[in-house]
Amino acid sequence: MARIRLSRLPGDRVLVSDDDEAREIALGDLPPLVRERETSSPRWVWDDTARWYPSLLAAGVRVERCHDLRLCRRLLARAPAVDPGLLGGEETRLWDALRPVVASEPVLFGAGDAADHLRADVEDARQLAAVAASPEAARLRLLLAAESAGALAAAEMTHAGVPWSVDVHEALLVDQLGPRPPRGAPPRLLAACADDVRRLLGAPGLNPDSRPDLLAALRRAGLEATDTRASTLRRLDHPAVEPLLRYKKLAHLFHTNGWAWIDEWVRDGRFRPSYQPAGSITGRWSSNGGGALSFPAQVRPAAVADDGWVLVVADVAQLEPRVLAGMSGDRELARAARGADLYQGMVDAGAVASRQHAKLGLLGAMYGATSGESGRMVADLTRRYPQAFGLVEAAARAGERGQAVRTLLGRGCPPLGTAWDESPDAPPADLADRDRRRRAHGRFTRNFVVQGTGAEWALCWIADLRNRLWRLAGDGPLEARPHLVFFLHDEVVVHAPARVADAVTEAVTAAAASAGRLLFRELAIDFPLDVAVVRSYADAGKAGT
DNA sequence: AAATCAAGCGCC
DNA sequence: AGGGCGCTTGATTT
């Protein structure tokens, strides 16, 4: 498959190099070039998808596949199976220093410093050589392709946006908070709530947003509170507690998803959060604008499909336990995973007394619980599922010893002591302190292998899904066809014409099965989905497992 | 005054 | 004495 490398040159010029030749074109000639070359399905190679792709999408051009050099370089640099020496050379310090372009603040290209004009062809050759020399080349190739496809999907989702009804959202705000207040003032119902709190606590001047003030007022009212968390407050018996909890809820709605949020993030009936692929260390995406990671239930009613369209909402039931079964090759757990409810499958196999116990045990194993009921369940289930539980246990031990761990496809974790937990000028750690850190790192590596492989499954899922959606009936630009509008860890939302809803449901399901086969091969792991075809995101009932 | 930290909440 | 994130405010530091 042809690789076409795009490098920025000074003065709005682009160096286009494929295997045969290199030539220069004007930046404005890029969309027609891509449109023309897409018929032969090349892989476009560029420094950062978020830098190149939005303007192509704006010009109505969809890219089928790419290689994101920044994302892939970082992956390879941290992959235990890659020789770091092969990643060195010309301009590599600049490549290592590249920061992601933020999709919500489209800076097309910078003011012409060196990092804006890195040679994609040179870096691409380095990365290809590093992969080819790795004993795990096949898995790494899949990982790099999935990571890059994810970057395309992210840009496309930001481009399309989640269909958003400002009317519904504002009605919801007015209902709960009262009419929109003038700038700087609290809405009426929030203020009334604060008044209730002040009156019932006998604290006329109290600012309920100030934790010290609030804590002092609670103390004066004779309550023994050490913090102001909702869970702590709920345990207190006092008439002020109810309005206080209500105040916190309303204040959160007002501040994080109120009118200001609409003004900033919703335009032309679309909410366009900005995704950052591989933004977290495990390979999960993060977000740097709009709050895509916390799409609060409170405002989901405002996500409403266009007329004649629907939202197809799909999420995987118990993704990470299934991934654990697959990566550990634990056939017993894989058997329990057959069917819609893995935890129930464990009960039916006689491994555990109840669903709740099964869940506690598995989550405890993946998070490193050592005590309480969860800790006991981990011990019990380890006997029943030695391979699955042994895998996370081994990852924890390796982390504690300072050894590297990796995901199924080869993403590496940062070594002990280079990250958050050991700043150079910290006071010398005593023995107990270092021991605590080692155990904390062990819990991190324990979770890393599962969360990271789960993220890889999800990448394969959306990569396959975006291709299937593109092949479905439809023509014209991306947003006139069924398309992804939202992705979060184990959940997708597709915006689609109502008449293709069934086909989309089928595509989402088939993509999940395909991702499972891609990662776990002959060990057939089921990835059953909860799929809902709805008008509004809020109507998609969560199974809540 | 600006930058950074921490608490608390939201999501998976 | 359970992992990963982002966002907002008030408090603290520079």
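What counts and how
- What you see as residue numbers is a count from 1 along each chain, following the sequence as written.
- Going through the entries in the order they are written, you letter the chains from A and number the ligands from 1.
- Where local features are concerned, this predicted model is filtered to residues with pLDDT of at least 70; where side-chain atom pairs are given and counted, the filter is 80 or more; whole-chain, interface and lining totals use all residues.
- With hydrogens and water excluded, all non-hydrogen atoms of the structure serve as input to the side-chain values.
- UniProt positions are given in the numbering used here, feature names are shortened, and annotations may be inferred rather than shown by experiment.
- If even one non-hydrogen atom of a residue comes within 4 Å of a molecule or strand, that residue is called near it.
- N or O atoms within 3.5 Å of each other form a polar contact, as long as, within protein, one can give a hydrogen and the other can take it, and as long as residues adjacent in sequence are counted only when both atoms are side-chain atoms.
- A run of DSSP states H or I qualifies as a helix once it reaches four residues; a run of E qualifies as a strand once it reaches two. Both are numbered from the N-terminal end.
- Think of it as three bins: nonpolar holds Ala, Val, Leu, Ile, Met, Phe, Trp, Tyr, Cys and Pro, charged holds Asp, Glu, Lys and Arg, and polar takes everything else, Gly as well.
- Domain ranges listed in this record stem from an automatic or a database domain assignment.
- We call two residues contacting when some pair of their heavy atoms lies within 4.5 Å.
- Once two parts are put together, the accessible area they lose, assessed with a 1.4 Å probe and summed over both, is termed the buried area.
- Think of a salt bridge as a Lys or Arg side-chain nitrogen and an Asp or Glu carboxyl oxygen that are within 4 Å of each other.
- DSSP-based pairing: two strands are paired if at least 2 bridges between them are found.
- Angles here are taken between N-to-C directions and fall from 0 to 180 degrees, while the axes themselves are lines fitted to C-alpha atoms, restricted in helices to the stretch in contact.
- Working definition: roughly parallel below 35 degrees, roughly antiparallel above 145 degrees, roughly perpendicular at 65 to 115 degrees, and oblique for all remaining angles.
- Each helix crossing is assigned a hand: it is left-handed if the near helix lies turned anticlockwise from the far helix by less than a right angle, otherwise right-handed if that turn is clockwise.
- Here is the rule: rings of Phe, Tyr and Trp (six-membered ring for Trp) pair when centre to centre is within 6.5 Å. Planes less than 30 degrees apart are stacked, more than 60 are edge-to-face, and the remainder are tilted.
- Only protein chains enter the accessibility calculation, which uses a 1.4 Å probe; a residue is then buried when its area is under 20% of its type maximum, exposed when over 50%, and partly exposed in between.
- Here, a charge over a ring is recorded when the distance from Lys NZ or Arg CZ to the ring centre is within 6 Å and its angle to the ring normal is within 35 degrees.

- The name given to chain A in an unreviewed UniProt entry is DNA-directed DNA polymerase, with the source organism recorded as Nocardioides eburneiflavus.
- Reading the Catalytic activity (unreviewed entry) entry of the UniProt record for chain A gives the comment "DNA(n) + a 2'-deoxyribonucleoside 5'-triphosphate = DNA(n+1) + diphosphate".

Some details on the protein's contact with DNA strand C
Then step 1. Residues in contact with DNA strand C amount to 23 residues; listed here are only the nearest, Ser210, Arg284, Arg443, Phe444 and Gln451.
Then step 2. Within 4 Å of the protein, atoms of DNA strand C come from sugar and phosphate in 81% of cases.
Then step 3. Ile281 is positioned with one of its backbone polar atoms (N or O) 3.4 Å from a phosphate oxygen of DNA strand C.
Then step 4. Elements supplying a minimum of two residues to the surface near DNA strand C: helix H11 (241–257), strand S10 (286–287) and helix H19 (431–471).
Then step 5. Counting residues per element, the surface near DNA strand C draws most heavily on H19, which supplies five residues.
Then step 6. Residues of the surface near DNA strand C, tallied by class, amount to five nonpolar, 14 polar and four charged.

What about the domain arrangement of chain A?
Then step 1. Examined at the domain level, chain A breaks down into domain 1 (3–160), domain 2 (167–262), domain 3 (271–319 + 456–539) and domain 4 (321–452).
Then step 2. Put simply, the middle of domain 1 and the middle of domain 3, counted by C-alpha atoms, are 24 Å apart.
Then step 3. Residue-level contacts link 27 residues of domain 1 with 27 residues of domain 3.
Then step 4. The junction of domain 1 with domain 3 conceals about 2,300 Å² of combined surface from both sides, 64% of it contributed by carbon and sulfur atoms.
Then step 5. A per-residue breakdown of the area domain 1 buries against domain 3 is headed by Arg62, Met157 and Ala160, which together make up 29% of the total.
Then step 6. Where domain 1 packs against domain 3, one counts one salt bridge.
Then step 7. Among the ionic pairs, Glu156 bridges to Arg466, the shortest N-O distance being 2.5 Å.
Then step 8. Connecting domain 1 to domain 3 are eight residue pairs in polar contact (both at pLDDT 80 or more).
Then step 9. Among the secondary structure elements, those contributing two or more residues to the side of domain 1 that touches domain 3 are helix H2 (49–58), helix H3 (69–78) and helix H6 (137–160).

A look at the pattern of salt bridges
Then step 1. Going through the model one piece at a time under the given rule, you end up with 35 salt bridges.
Then step 2. One salt bridge connects Arg397 with Glu400, and the closest N-O pair in it is separated by 3.0 Å. Taken together, the positions of Arg397 and Glu400, both in helix H18 (residues 386–401) and three residues apart, correspond to about one turn of that helix.
Then step 3. Because the salt bridges share partners, they merge into one network encompassing Arg3, Arg5, Asp19 and Asp124.

Some points on the sheet that holds strand S11 (residues 309–316)
Then step 1. Across the sheet, which stays open at both edges, the four strands sit in the order S12-S13-S11-S14 with antiparallel pairing between neighbours. In this open sheet, the two edge strands, each paired with only one partner strand, are strand S12 (483–487) and strand S14 (529–534). Here the average twist between neighbouring strands, direction ignored, is 20°.
Then step 2. In the sheet, S11 pairs with S14 via six bridges, with the strands oriented antiparallel. Along S14, the bridge assignment pairs Val312 with Val533.
Then step 3. Each of S11, S12, strand S13 (491–497) and S14 touches H19; the most contacted strand, S12, lies at about 160° to it.
Then step 4. The strands that helix H20 (residues 501–520) touches are S11, S13 and S14; relative to S14, the one it contacts most, it runs at about 160°.

Observations regarding the packing of H2 against H6
Then step 1. Relative to each other, H2 and H6 sit at 45°, their axes nearing to 10 Å. Our classification of the angle between H2 and H6 gives oblique. The crossing of H2 and H6 is right-handed. Of the residues in H6, those touching H2 at Thr49, Tyr53, Leu57 and Ala58 are Ala151, Leu152, Ala155, Glu156 and His159.

Comments concerning the packing of aromatic side chains
Then step 1. Counted according to the given criterion, the structure contains 15 aromatic pairs.
Then step 2. When the centroid spacing of 6.2 Å and the interplanar angle of 65° are considered together, the rings of Phe254 and Trp259 count as edge-to-face. For the pair shown, Phe254 and Trp259 are each scored as buried.
Then step 3. The structure contains a cluster of three or more aromatic residues connected by ring pairs, namely Tyr275, Trp285, Phe486, Phe487 and Tyr537.
Then step 4. In this structure, Arg300 packs its charged tip against the face of Tyr537, placed 4.6 Å from the ring centre.
Then step 5. The ring centre of Trp470 lies 3.6 Å from the NZ or CZ of Arg481, which sits over that ring.

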